[in-house]
Structures are given as C-alpha cells and as structure tokens.
Amino acid sequence: MKARVHVSYKNGVLDPQGKAIGLTLANLGFEGVGDVRQGKLIELDLAESDAAAARKSVEAMCEKLLANTVIENYAIELEED
Amino acid sequence: MKARVHVSYKNGVLDPQGKAIGLTLANLGFEGVGDVRQGKLIELDLAESDAAAARKSVEAMCEKLLANTVIENYAIELEED
Amino acid sequence: MRNEPTITPEQVAEHGLTEDEYQTILNVLGREPNLTELGIFSVMWSEHCSYKSSKVWLKTLPTEAPWVICGPGENAGVVDIGDGKAAIFKMESHNHPSFIEPYQGAATGVGGILRDVFTMGARPIANMNALRFGAPEDDKTRHLVSGVVAGIGGYGNCVGVPTVGGEVNFDPAYNGNILVNAMTVGLADADRIFYSAAAGIGNPVVYVGSKTGRDGIHGATMASAEFDDATEEKRPTVQVGDPFTEKLLIEACLELMATDTIVAIQDMGAAGLTCSSVEMADKGGVGFDLDIDKVPQREAGMTPYEVMLSESQERMLIVLRPGTEAQAQAIFDKWQLDFAVVGHVSDSGRFTGRVAGEVVFDIPVRPLVEESPEYERPWVEPKAPAALAPVTAAMEHMAALKSLLAGPHLSSRRWVWEQYDQTVMADTVRKPGGDAAIVRIHGSDRGLAIATDCTPRYCRAEPRQGGAQAVAEVWRNITSVGARPLAITDCLNFGNPERPEIMGEFVGCIQGMGEACRTLDFPVVSGNVSLYNETHGQAILPTPAIGGIGVLDDLERHADLALRRDGDNLILIGETAGHLGQTIYLRQLLNRGDGPPPPVDLTVERRNGDFVRALIAAGRVDTCHDLSDGGLLVAAAEMAMAGDTGLDLNGPEDAGFWFGEDQGRYLLAVPEADTAEILQLAEQQQVPAQSVGRTGGEALTLNAGAPISLAELRRAHEAWLPDYMRND
Amino acid sequence: MKASVIVFPGSNCDRDVQVALASAIGGTPDTVEMVWHGDSEMAKTDLIVLPGGFSYGDYLRSGAMSARSPVMREVVARAEQGVAVLGICNGFQVLTEAGLLPGALLPNAGLKFVCRDVQIRVENSQTLFTNGYQQGQTLRIPVAHHDGQYFVEPETLAEMRERDQIAFRYCDADDGRAANPNGSIDDIAGVFNDRKSVLGLMPHPERAADAIHGGTDGQGLLNSLVSALS
Ligand SMILES: Nc1ncnc2c1ncn2[C@@H]1O[C@H](COP(=O)(O)OP(=O)(O)O)[C@@H](O)[C@H]1O
Ligand SMILES: [Mg+2]
C-alpha cells in the first residue's frame, strides 16, 4: 500500500515560502495569481495491506514525526498498489 | 480555480530528506515502511477559470520557476473552486 | 464607542488579570473596558511586558559608567567603544515557544533580538546563544536540541549575521522547560542612535515590514504562564519566522536611518502593535491615534482585538518627520516591504484606535504604563548549602579527564556551532571554541570580544554566589582574550515568582550580580526576565544568563587558548584551594551535588584579571585560557587540543588541585625566556602565580604518569555530541 | 579591471566580496560597483560576481528566484559575450539555476547547514580564476551552506571531466572527518562552464583573504582575476 501525506501550515500561520513564490511569479509577469502556499508531500511505501490499519499507523507517524500540529495540518491519502 | 503542483526529485537523484524520515520512522518503532520520498506541494489560487488556459499557465510557471527540471519532475492537478 | 458585551469575571481571569488588577483598570478608565481594551491591559500588564515581579529588584542593579550611552529601558543597551562607534546589544529569552515548536520558537527568538538591536540604528554584527536542555536521557531532549540549533542557524544564517558563540547545558531540571536565550551585538555610529520616544503632535505613525496575521495572539501572556498538561492541548499559536523579510527589513531600516526622516522607531515584539505604540507614546508623553483598518493585514476579517494583540514577526513602528512619508515609502517599496501610515501622534495623552472612524478603544497612556502592577513578592532567604562531605578520587586523574571531556557537560559543542555561519561578514577573528569570540569592528584594527555564561548549579546551591560568579565568569572570559570588559546584558530565567523560595533565588542572584557588576565596573545596560519556567511545580535551576562585551584596542594584541609553541611554561594565575563543592567532577564522576559552590572574591577576581589583561595588551602573552567547569586539568587539555601541542603537567596529587573549580584563575603559556620576569611581576602585584607544566610533544602527561595522546583525547572530546545526535 | 557585484534581496556576502576584491585590485571598496537585482542596465565591466547569501530566503530552491530576476538576463547576455562571471555559494546556485553552469545544488547529504574550513584541490590552474595557483595545490577555505551538494547527470559529468570543467574538489580532510562536507558528486566543490569564463564554487574565498581570517588561501583566486583581467 502507498500513503501520501500532505503537510501544510495551518490557516493563519505565515507561509514565508509561499509568499516569496507569489512575489516572484508576479515579478515574472504571471497575472491573476492569488494566495500561494507551499507544503510538503511525503510518499511512503507500506508493507501493510489493510487500509484501516495503514491509516492508523500513518496517523501515528504524522502525530509523532511528520507534522508538528502546533503549526501544521496533515492529510493522508492511501492508494492500493 | 485552484492548482496543486507536486514537485518531486527525479529517479536517480538522492533524496536525503526521504531517507532520513524513513530511518527515523524505523527508530520510532514503525515497521514495514519501505521507500520514503519527500516532495513539495505548491498550491496556487488562480483568477483564471478556464481549465485549459489555467493548465497552460501553471505549466509555464513550473518550467520557469516552480521546478528545476534538471533534478525534478512536476505534476499539476486543477480543481474548480 | 462600539457596544460590546460586558466583561465577565471569566474573561478577566482568562486574560491573566487578578481581581485587584481589574479594579485598577476600572479606576483608570472610569468605566468598564471593552474586550479590546481588556486585551490591551492584559498584555501591557503581563509579567513579560510589565516586569511586575522583578522591577523592584532590577532597579538595584548598577547601570552606569562613563562609557554607557544608554542603559536599560530602551530596546537595547548602548556603550561607547571609542573612535566614534557604539556597540548596541541585548539578550532575550524564547523559552516557551521553543519547547512547543523548537525550530520556529528558536528562530523567531533570534529574529526578535535582532530587531531590538537594529531598531536603535545598529547593524547587527554578531549573535550568541545560551541554551539549556533537559537530561540527555529524557525522551524529548534530542528532538529539542536538534530543532533549536537548526532554528537558530536557520534564522541567523539567512539574515547574514555570524553566530560566534554561546553555551549549552544539560540538566534534568530543564526537562519540561528548556531555555533558549539569544543575544545580538550591533555596531552604530555613536552620534546616530535611534530611540523610541515619540514626539511632534500630528506626526505620522508608520507601520513597516510584514503584514499582520492572527499569529501569536496571547504570546505575551503565554510567556508568563506556568506550563501544565493542558498547554500542549491548547496549541498556542507559535509564529513562523521569515528571516528573508527580516534581512530586507534590516537593510531598509538602515537605509532609512541614513536619511533625516525618523523621529522615533521601535520594533514590534511581545504584544506587538499595542506594546510598541504604548511605549513610544508614553516615553514621549504624547498620545497615539491609530486607524486600525490601515494596518496591513494578511487575513480578512481580523478584529481590532486581533490586530492589536497579534505577534506577527518582522514588523516595526516609526514616527516620521512630517512630509517625509514619500521619501520613506520609496525605500520600503524598493525592498518590497509593506509600508502604511496607520495614525498620528496626538496631544490627547490617550491611546485611541478607530475602525472606519469609529473609536474601538480609548485608554489614557500614562496610567496604562504607570498604574501597571508592581509586586514586592514575598521571598525567603535560600538555605545555606551543607558543608561538602569528604571526597575520594573517583578514578585515576587522566581517566577522569578523559571521561569528563567525553561527557555531556564538557564535550565539544562543535556539532552545534558548525550549523551556524560563524564567518559571514568576514570580520570574525575568533570563532566559537575559545573563551570569548572576537569580531573586528569593520574597517578598523579594533575588535569586540563577546561571551555568555552562567553556572546554574552554583546559583541553585547559593544564589548570591552564583549570580556573582556568572558576571565574574563573563568578565574573565573577555579578559582571557585581552579585551577590556565594558558592560553586560542579562536574561534572568527563573521559576514561579509567586513561590517565596523561587523569589529568594531571584533576589539572591540579583544581589550577587549587582555586587560583581560594581566591583568589576561592568554595568548592566539591557536585559530580559523570564519567569514561570516550571512544570508541575518543578522549577528550572535559577539561570541568570549573562552576556558581556569588551573592546580590544589592537587586534594584533589578543590571546587565544591554543598552545602555539613547544617549550613554553604553563603558568597558573590565581589561588588554588582545591574547591570541589558543586563541581562537574563531583557531579559527573561521583554523582553528587553537595557542598557550597566555589566562593567568588571579586577583589581578587579583578586584581588577577587586570594583571592578565595588562600582559596581553602589552604583547607579552598570546596564549591564555580561563579556568571554569572542570578546573585546571580540563582547561589545560583544552589548550593542548586546540593548539595540537602536548603538555607535561606537574603538581600535587589531590583531585581538588586538578579538578577544583576555584574562581579567578587563568592559565598562560609563556616562553621560557619571559617566565621569570612574569612570575616576578605577579609577585609584585600580589597575584598568585606558579608554573604547572611545560608544552611540547603530542600527549598529555601528569606527574610523570602514563601519557595520553592528544588524538585520543580529541576523539573523546569531539565524539559525544555527534554520537548523541546521530539519529535526531 | 572593473568588477561588479550583483545584489539580490537576501544576498549577504555582497559587502564581503566587495571588500576582498577591492583590496585585491588595490582600491577602496567603492571601486567595485554594486548592482541592484532590479536593474536591467549594468555599466561595462570585466567581472560580474554573484555573491553568497540567501537570496529570496533560499525559499523554493536556493537561487531559483534570483535566477529569474531582471538583472540575470543581462548577466546571461554578458556571459555569452565572454565577460567573466564568478558565483560564490548562493551565487553558484543562481548560476546553475540560470543555466550558465551545468548541474544543480541539492540540500547537503547530512541535511544540516555546515560551516567549517574544508580543503579543496585546484583541478585546473589554467584559467583566469585559478592562474595564481599551482595545479593540484590544496587550499584551506571555509564553506557555509545548507544546499551545497553538487549533482549532475553522469553523462554530463563525463563531458565536464573531458573538458576540464571541474575547478575544485574537496580533498584530504585534516581533522579525521570526511573531506566532502555535503555529499557532492565526484567531490566537486566548483565548476567552470565550457569556455572557463564562468566559475561557480561553494567555498568562500572572500572569507580566507585577510590575515584576521586565520588563512589567506582564497586570496589567490581574487588575485588571479586581477592579473588576468587588468
Ligand atoms: N550554543 C552554542 N553556540 C555557539 N557556540 C557555542 C555554543 N555552546 C558553546 N559554544 C562555544 O563552545 C566553547 C566552549 O563553551 P563553554 O564551555 O561554555 O566555554 P567557557 O567554559 O569558556 O564558558 C565556547 O567558545 C562557546 O562559545
Ligand atoms: Mg572560558
């Protein structure tokens, strides 16, 4: 089973990277670009084949390591091989 | 329209971040975690409402700024508001 | 005024205000506050902003000297360093945020202290960091070390200010409350210092930097509250630092400061726009009238409460001369920073905010500052430590040395400082690894020496001695490189001041610091207090971290600790009684923490230090190291390893001689030809001095025992921290 | 010789390299011109320097945003005319992002910022940047970077070797640690373009150019330029 974890800053937390990208896109002449946010996408190969068990384990990984929930949210997507 | 750009290292480019995450997960006692890769996810709010035009413009952003195609691949997903 | 629901007792309590404090608010306003006003009072009267528990004691510290241009009370302290230049410096804590989010907490700590310094007109030229973590065995420690160090580096490196030194301690007392204290030193022209007192009725009040978001609201109150299990649940907002914007802000502000447009300037730190406005208005004896809707905002729909209490980073407030708005704006536009006229200076003496013309808060400035609570917290005299029980040597001395060098307390901190850019700006003369860092005063042959220190276990055992020792050790470290110590900043980290024992520690440390400052002519010019560092009633060790600076009039004449030559005599300066109480030797090798800390005799400290400094300044000594944690044998080994030159040491056999931590001592390496004369000079000046060894070879030998190679020692010394952090 | 240093928002070694270059030229600092990134005009110059720092915070990718700033179009045009271009640290990253040098700079293999002295070997002393050194000479110069891991496709690397485009390699650590501080492929610390008119390197020669730095091995690079271009 494959898991994709998307870690992003919570709403209201400053995202300096996103801000700088937005500025540069504007400087490059791209128009109509509003808010830009940059997050992480972590892809994991899991031996686990049961979806519920996999989700539980990835959730634990997020809480313990992949995200700092003080400032970050995470979302998990699972995909059968 | 919202665009999500997923930027990841090409095969053959070392991904030390992914590797470090994998190691730490193992140290934390998570079992059965195989390959781990870390990429970026860039989310853009676009004024453009036509999907084809939006994709074209985001492709240009990727080629010009968001990805370095010497080392990275990118994938674009669009989402109506 | 907009109609808002009346304030409930719960709201008052949630804002950390006591009933008495709330009653004072009612008296000041002559009516009930609205929620925004309550928020403003609460942050202004928080421990962090009002120093309500510490003020009475801080006033007892000496703050003056002929070279002090500006002491405590402004954003940072300013001292004259000669040649028309001034050094501006301060230290600040970011303890609580760093525990919750180590990377961002530490990073924004560095950002905050940088702003305190450049807001006064200085270009930051050096950063320092004093870090205290829990026991290495504690689950959280490794993760905290990793994040804090990366965060300090992440911010300072990006901004382009070298991090040139600091300290790292581990002790179980910090398990639930780590300490992250950051210091910045800046350089300015002595006649171009900028202050925060607003003036000029009608002058524009200008906001520059980043936009205001909903981050860090209640940060100032959080920094003043004790931790409990619910804290992690509450998930207080920690700010994310943007060092890139900070770098632009430094350049833009310095560019603006070169013009003639600024009346007053102040960074927005704790309590953001509220605290900066109120302080500027109060210092100038004027009022401030703000249009809240003109404040650049990152998010839609922010309430005045949120705008006023936000602790978004990288923002400054400026009062401009009338008519200079366009000139100023052009500079901030160039650096792509926000710029907005958000109000004006008024003669009302009131702090007023409006949204769409409607008044949303209206508070008299003077009482908001002057009626702030000030407590004479009860305190008890700390118990005198019991006498030291007899000590039997733990093991053979060389084995003890190796074990100490390879342990958590005395191992090399290279793993830490290599994550910091130590050489950007190309003026770093002495990097981390010595007693004090040295940074060249740009474009001259002069330098600044910078050191931070504190020995918390001494402070716990005997606060008064500990407070004096911390100041003395900084003075000694600066002296060791040959610099003239000028002044200090402090960061006073303690537990809950409402407990009389803790308040007793605080009082004792301050008294000791004050005595040391007076005797050593080393005044306090800035500082910061961080209280309530406790979890479940477990307080940290009392930790008055001291940061000091000194000046070197001739960079050619400075000393460092690396042995340079074979055949030098190693001269020990100062009295060695063999004091083992509270030493690292006792603690690490015998697992004991008893006895009094080493006594500090400030007159002797001064006499010995003045002697050593004069020798270095005269160009007669170029190799010097002060003695501190671990005592004589550790210091000698550090000199040998740094210079890759061996030592043959001779002296009495007792552990106290080699590992005692008697104060006021230095080791000098002196060529044979000069030795007799230097010993004679010492005798004339009643400075104890004796030869304890001779340099040469590639090993350390003690009293003709089995040698231990420098390579082996170095391996032991360098290994502990990287090994410990291997899997962070 | 006329030299220009490009200043990007977030550059922080611009002054350092200005001071070091001016001293190599033998003038006061203002003899070296500072050019703001937003300017697309640049006076005639013999050497363009892209300094170290964190332009645009190193956000997204180091050097990525600066490489797209207006002044870089002019730098690329001048480089094509043969004007010498030197990129140090962040400047090296900008040059690869702008396509003036092959390859890319990835985060250090150790994932940490690293600031320490390294030893590098001069691999090609027949260029305007390195003529003051001996072939194979070892230099001690500090690095200070987070993203210094040089990467290039194996085929390109083979071509680069063929054409003597490797300028410096990390070598002989003298403190028992790995010589290569960042995991760079083939231990590469600096590379030339095909014409040897553009050099990018991670170590900071301007921080080893004055007795107070504790070493002056970087001075040779600046002196080489002065003697070649004056
Ligand atoms: N956090 C840190 N950041 C930078 N340098 C550090 C840090 N901790 C320790 N160092 C450096 O390591 C050396 C030894 O530190 P320490 O043992 O505290 O010195 P001392 O005993 O002279 O006070 C000093 O040069 C100090 O600046
Ligand atoms: Mg010392």
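Reading the values: the criteria
Residues numbered from 1 in each chain as written. Chains lettered and ligands numbered in written order. Predicted model: local features only at pLDDT ≥ 70, side-chain atom pairs only at ≥ 80, totals over all residues. Heavy atoms only, no water. Least-squares fit on C-alpha atoms with pLDDT ≥ 70 in both. Contact = heavy atoms within 4.5 Å. Near = heavy atom within 4 Å. Polar contact = N/O pair within 3.5 Å; in protein donor to acceptor, adjacent residues only side chain to side chain. Areas by Shrake-Rupley, 256 points an atom, 1.4 Å probe, with all protein chains shown as cover. Helix = DSSP H or I, 4+ residues; strand = E, 2+ residues; numbered from the N terminus. Nonpolar A, V, L, I, M, F, W, Y, C, P; charged D, E, K, R; others polar. Salt bridge = Lys/Arg side-chain N within 4 Å of Asp/Glu carboxyl O. Pairing = 2+ DSSP bridges. Expected span 1.5 Å × (residues − 1). Buried < 20%, exposed > 50% of the residue type's maximum accessible area, 1.4 Å probe, protein only. Core = buried A, V, L, I, M, F, W, Y, C linked by side-chain atoms within 4.5 Å.

Structural notes on the relation of the copies chain A and chain B
Note on the copies: chain A fits chain B at an RMSD of 0.3 Å, the axial shift is 0.0 Å, and the rotation between them is 180°. This pairing of chains is accounted for by a two-fold axis. Nearest to the rotation axis, the C-alpha of K40(A) is located 2.2 Å from it, this being the minimum over chain A. A shared interface surface links the copies, since 100% of the contact residues of chain A are contact residues in chain B too.

Some remarks on the site of ligand 1
Residues and elements named next belong to chain C. Surveying the vicinity of ligand 1 reveals 18 residues, the closest of which are N129, G433, G434, D453 and S628. Between G166 and ligand 1, the recorded distance is 3.1 Å, taken from a backbone N or O atom to an oxygen atom. For ligand 1, an oxygen atom lies 3.4 Å from a polar atom in the side chain of E473. When isolated, ligand 1 has an accessible area of 550 Å², and the protein chains bury 82% of it. Counting residues per element, the ones that place at least two in the shell around ligand 1 are β4 (123–133), β5 (163–170), α17 (414–417) and α19 (463–480). Among the elements that make up the shell around ligand 1, the one with the highest residue count is β5 (four residues). Split into classes, the residues belonging to the shell around ligand 1 amount to six nonpolar, seven polar and five charged.

Overview of the interface of chain A and chain B
Listed per partner, the contact involves 30 residues of chain A and 30 residues of chain B. Put simply, chain A and chain B have zero salt bridges between them. Where chain A meets chain B, there are 10 residue pairs in polar contact (both at pLDDT 80 or more). Breaking the side of chain A that touches chain B down by element, the ones donating at least two residues are β1 (2–9), α1 (16–27), β2 (33–46) and α2 (51–66) of chain A. Class assignment of the residues belonging to the side of chain A that touches chain B gives a composition of 15 nonpolar, seven polar and eight charged. Bridging between β2(A) and strand β2 (residues 33–46) of chain B involves 11 bridges; their strand directions are antiparallel. Residue pairing for β2(B): I42(A) is matched across the bridge by Q38(B).

Overview of helix α1 (residues 16–27) of chain B
One full turn of an α-helix is made of 3.6 residues, so residues set three or four places apart face in the same direction. With 12 residues, α1(B) should reach 16 Å at 1.5 Å per residue; the first-to-last C-alpha distance of 16 Å fits that figure. Considered for burial, the residues of α1(B) that qualify are P16(B), G18(B), I21(B), G22(B), T24(B) and L25(B). As for α1(B), its buried residues are in contact with β2 and α2 of chain A, β2 of chain B together with β8 (149–151) of chain D. Just beyond α1(B), the residue with positive phi is G29(B), at close to 95°.

A word on the nonpolar core
The biggest cluster of nonpolar side chains holds 79 residues, and the ones touching the most others in it are V5(B), L44(B), L66(B), L131(C), F133(C), I318(C) and F332(C). Ranked by the residues each element gives to this core, the list is headed by helix α11 (residues 243–257) of chain C, at nine residues. Excluding residues that lie within four positions of it along the chain, I318(C) makes contacts with P204(C), V205(C), V206(C), V208(C), L256(C), I262(C), A264(C), I265(C), M280(C) and F332(C). F129(D), F192(D), A208(D) and V226(D) belong to the second largest nonpolar core, which has 63 residues in total.

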